[in-house]
Amino acid sequence: MILGIDPGLDGAMSWIGGEPPIIHPMPTLSYEHASKKRKNGKPAIKRSLNLEEIRDILEVMKSKTEHAYIEKAISMPEHGAVGSMQIGDGYGALRMALTYARIPYTEVHPATWKAKMLRGMGKGKKASILRAKQCFPEITLKNSEDGKAEAMLIAEYGRRILHYQEKFENEQ
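Note that the structure is predicted; figures quoted are calculated from it, not measured.

1. Some details on the pairing of strand β3 (residues 22–25)
Then, number 1: Where strand β2 (residues 12–16) and β3 come together, four bridges link them in antiparallel fashion. Bridging from a neighbouring strand, A12 pairs with P25 of β3.

2. A few points about the packing of aromatic side chains
Then, number 1: The final tally for this structure, using the stated rule, is one aromatic pair.
Then, number 2: Ring centres of Y69 and Y157 lie 6.4 Å apart, and the angle between their planes is 90 degrees; on these two criteria the pair is classed as edge-to-face. Highlighted residues: Y69 in strand β6 (residues 67–71) and Y157 in helix α5 (residues 146–169), separated in sequence by 88 residues. Comparing Y69 with Y157 shows no difference in burial state: the two are buried.

3. Focus: helix α3 (residues 110–117)
Then, number 1: Among the residues of α3, P110, W113, K114, K116 and M117 are the ones counted as buried. Seen from one end, α3 has its buried residues packed into an arc of 165 degrees, which puts them on one side.

4. Structural notes on the sheet that holds β2
Then, number 1: As summarised here, the arrangement of the five strands in space is β3-β2-β1-β6-β7, forming an open sheet in which the pairing is mixed. Single-partner strands in this sheet number two, and they are β3 and β7 (105–108). Going across the sheet, the axis of each strand differs from the next one's by a mean of 15 degrees, ignoring polarity.
Then, number 2: As defined by bridge partners, strand β1 (residues 2–6) adjoins β6 across four bridges and the pair is classed as parallel. Note on β6: the bridge partner recorded for I2 is H67.

5. Brief notes about the nonpolar core
Then, number 1: Core analysis: the largest hydrophobic core is formed by 19 residues, its most contacted members being W113, A132, L141, M152, L153 and Y157.
Then, number 2: If you list the elements that add at least two residues to this core, you get α3, α4 (125–135) and α5.
Then, number 3: When residues of this core are assigned to their parent elements, the largest contribution, seven residues, is made by α5.
Then, number 4: The contact partners of M152, leaving out residues within four places of it in the chain, are S14, P21, I23, A132, F136, I139 and L141.
Then, number 5: Of all hydrophobic cores here, the second largest spans 18 residues; its members include W15, M26, L49 and I54.

The rules behind these values
- Residues numbered from 1 in each chain as written.
- Predicted model: local features only at pLDDT ≥ 70, side-chain atom pairs only at ≥ 80, totals over all residues.
- Heavy atoms only, no water.
- Pairing = 2+ DSSP bridges.
- Helix = DSSP H or I, 4+ residues; strand = E, 2+ residues; numbered from the N terminus.
- Phe/Tyr/Trp six-rings, centres within 6.5 Å; stacked < 30°, edge-to-face > 60°.
- Buried < 20%, exposed > 50% of the residue type's maximum accessible area, 1.4 Å probe, protein only.
- Arc of directions from axis to C-beta.
- Axes fitted to C-alpha atoms, helices over the stretch in contact; angles between N-to-C directions.
- Core = buried A, V, L, I, M, F, W, Y, C linked by side-chain atoms within 4.5 Å.
- Contact = heavy atoms within 4.5 Å.

Have a look at this one:
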């Protein structure tokens with residue numbers, strides 16, 4: 001099976017090649033931020049990747065995984081310095097988890113997979129959900145589950161590259 005990873009906190013890991021696709025929402029931990037408070041005075045809640053759960057999932061799935069495709073993390077101005085650091089930290093941890101599990105992987109830029117998988121649809125989250133529903137009609141997705149949709153599309157992109165590279169690369 002091919003693994004697609006949307007590495008964000010609201011992302012997912014999706015294996016395709018079996019029926020139906022296997023989808024794991026990105027495992028996260030929530031905790032109170034010690035030094036920050038919300039406007040209502042309550043502690044701010046922070047999230048991070050649950051690395052132990054990710055390791056356990058990959059350990060179970062590694063013998064079934066032919067190759068993984070992980071969306072390359074990119075920094076954008078609206079993320080800020082701390083946000084960019086957190087994105088990079090999670091992305092690096094996922095790459096290390098794949099390496100530890102001995103799952104070969106390819107990093108793919110968001111614009112690269114979206115240009116192929118969302119051709120003629122726009123590049124937004126709604127387009128990802130719509131295309132995932134078209135490619136995988138057996139899967140039910142809510143409008144808030146763009147991370148699952150994108151993980152499935154990254155896996156499908158990887159499957160097409162890995163198994164049908166010449167045909168897929170030459171599509172107009």
